[in-house]
Amino acid sequence: MKHLLPELGYNADALEPAISRTTIEFHHGKHHQAYVNNLNSLIEGTEYEEKSLEYIICNANGSICNNAAQAWNHTFYFEALSKDGKRKPTGRLAETIIGKWGSFEGFVSEFSKSASGLFGSGWTWLAEDAMGELHIINEQNAGNPLRNGYRPLLVIDVWEHAYYLDYQNRRADYIKSFWEILDWTVVERRFSGK
Ligand code: MN
């Protein structure tokens, strides 16, 4: 079974000016594609050849796990971006966020602080535990909270390749723009609402 690079649900320039066409072309067309290609070559002839990405992420180690997670993480990241999306959660998800962080703005501030403070390359997640409690989780490199039994709800890629062409070293500015293109409809769909 060959893993495929999922098409984006929008044109490469659809997120401008928050994220440029050039960044999307490299990030999706080159980086994301490379993780998918690497994974396909690495799993050939192994016990993971016919397994889902989620299975590989939770069961493999080393390069196979890293490339599977990078393939999954990028799909999850790109899927929730939209310029015309819902800018704030409502309903159960909004209530749960407010219950934990006091306000939506309080959550945005904590999440942004966590993403800014992640040392080196990685991903900052909002994830739900088995009890339905929400957590902001920083993962280095290809980390994915699925490995620890969490249900991921949203993620920001803070590898430099996600923002360097547009923001150079200004990660905080990239994080600020992220909130202007994050579609909470997608995040609400992922939330179990336990
Ligand atoms: Mn990336």
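Bear in mind that the values here come from a model prediction, so they are computed numbers and not experimental data.

Chemist: Sorry, what's going on with the overall build of the chain here?
Modeler: Helix and strand counts for the chain stand at 8 helices and 3 strands. Computed over the C-alpha atoms, the radius of gyration of the chain is 16 Å, within 12% of the 16 Å expected from 2.2 N^0.38 for a compact globule of 194 residues. Oriented by its inertia axes, the alpha-carbon framework of the chain measures out at about 50 × 40 × 30 Å. Looking at the chain as a whole, 49% of its 194 residues are labelled buried. A separation threshold of at least 6 residues defines the contact pool for the chain, and within that pool the share at least 24 residues apart is 67%. When the accessible surface of the chain is summed, it comes to about 9,400 Å², and 50% of that surface belongs to carbon and sulfur atoms. When the 19 basic and 25 acidic side-chain charges of the chain are each reduced to a single mean position, those positions are 3 Å apart.

Chemist: What's the story with the pattern of salt bridges in this structure? I'm lost.
Modeler: A side chain of one charge can pair with a side chain of the opposite charge when the charged atoms of the two come close. The full count for this structure, using the stated rule, is 10 salt bridges. In this structure, the salt-bridge partner of Glu188 is Lys86, at a minimum N-O distance of 2.9 Å. One end of the pair, Glu188, is in helix α8 (residues 184-190); the other, Lys86, is in the loop between α3 (62-79) and α4 (91-101), and 102 residues separate them in sequence. Glu133 is the partner of Lys100 in a salt bridge, and the nearest nitrogen-oxygen pair spans 2.8 Å. Here Lys100, found in helix α4, pairs with Glu133, found in the loop between β1 (122-128) and β2 (134-140); they are 33 residues apart in sequence, far enough to count as distant. The class for Lys100 is partly exposed, based on a relative accessible area of 35%. Residue class for Glu133 comes out partly exposed when judged on its relative accessible area of 40%. Here the salt bridges share partners, and the residues they tie into one network are Asp13, Arg21 and Glu25.

Chemist: Explain helix α7 (residues 171-181) to me, please; I cannot follow it from the model alone.
Modeler: Given 3.6 residues to a turn, an α-helix orients residues that are three or four positions apart in the same direction. Every buried residue of α7 is accounted for by Arg171, Tyr174, Ile175, Ser177, Phe178, Trp179 and Ile181. Among the structural elements, α3, α5 (104-117), β3 (151-157), α6 (164-167) and α8 are those in contact with the buried residues of α7.

Chemist: Looking at this model, I keep getting lost on the domain arrangement of the chain. Mind explaining?
Modeler: Under the domain assignment, the chain is made up of domain 1 (21-79) and domain 2 (91-190). A C-alpha centroid distance of 20 Å is found between domain 1 and domain 2. The interface is formed by 21 residues belonging to domain 1 together with 23 residues belonging to domain 2. Both faces combined, the contact of domain 1 with domain 2 buries some 1,700 Å², and carbon together with sulfur accounts for 62% of it.

Chemist: Got a minute to help me understand the packing of aromatic side chains in this structure?
Modeler: Any two aromatic rings considered together are summarised by their centre-to-centre distance and by the angle between their planes. Under the definition given, this model contains 18 aromatic pairs. With a centroid separation of 5.5 Å and 75° between ring planes, the pair formed by Phe104 and Trp184 is classed as edge-to-face. One end of the pair, Phe104, is in helix α5; the other, Trp184, is in helix α8, with 80 residues separating them in the sequence. Aromatic pair Phe107 and Phe111: ring centres 5.6 Å apart, planes at 50°, arrangement tilted. In this pair, Phe107 and Phe111 are both assigned in helix α5, 4 residues apart and thus about one turn of the helix distant. One exposure class covers both Phe107 and Phe111, and it is buried. These aromatic residues form a ring-pair network of at least three members: Trp101, Phe104, Phe107, Phe111, Phe178, Trp179 and Trp184. Between Lys51 and the ring centre of Tyr55, over which it is positioned, the NZ or CZ distance is 4.8 Å. Here Arg190 stacks its cationic end above the ring of Phe76, 3.4 Å away from the centre of that ring.

What counts and how
- One numbering rule holds for all chains: residues counted from 1, following each sequence as written.
- The predicted origin of the model limits local features to residues at a pLDDT of at least 70 and limits the giving and counting of side-chain atom pairs to 80 or more, whereas totals for whole chains, interfaces and linings rest on all residues.
- The basis for the side-chain values is all heavy atoms of the structure; hydrogens and waters are excluded.
- Comment: elements are numbered from the N terminus, with helices defined as DSSP H or I runs of at least four residues and strands as E runs of at least two.
- This radius of gyration counts C-alpha atoms alone. The globule rule is 2.2 Å times how many residues there are, raised to the power 0.38.
- Using a 1.4 Å probe on the protein chains alone, a residue whose accessible area is under 20% of its type maximum counts as buried, one over 50% counts as exposed, and one in between counts as partly exposed.
- We call two residues in contact when some of their heavy atoms are within 4.5 Å.
- Each accessible area is a Shrake-Rupley result for a 1.4 Å probe, and residues are judged covered by the shown protein chains and nothing else.
- Neither His nor the chain termini are counted; the positive set is Lys and Arg, and the negative set is Asp and Glu.
- Charged groups are reduced to one reference atom each: NZ for lysine, CZ for arginine, CG for aspartic acid, CD for glutamic acid.
- Salt bridge, as used here, is a side-chain nitrogen of Lys or Arg placed within 4 Å of a carboxyl oxygen of Asp or Glu.
- Each domain's extent is set by a domain assignment, obtained either automatically or from a database.
- A 1.4 Å probe defines the accessible area here, and the buried area is the portion of it lost by two parts on being joined, summed over both.
- For this analysis, a ring pair means two rings from Phe, Tyr or Trp (six-membered ring only for Trp) whose centres lie within 6.5 Å, classed as stacked if their planes differ by under 30 degrees, edge-to-face if by over 60, and tilted for the remaining angles.
- Comment: the charge-over-ring label is applied if NZ (Lys) or CZ (Arg) is within 6 Å of the ring centre and within 35 degrees of the ring normal.

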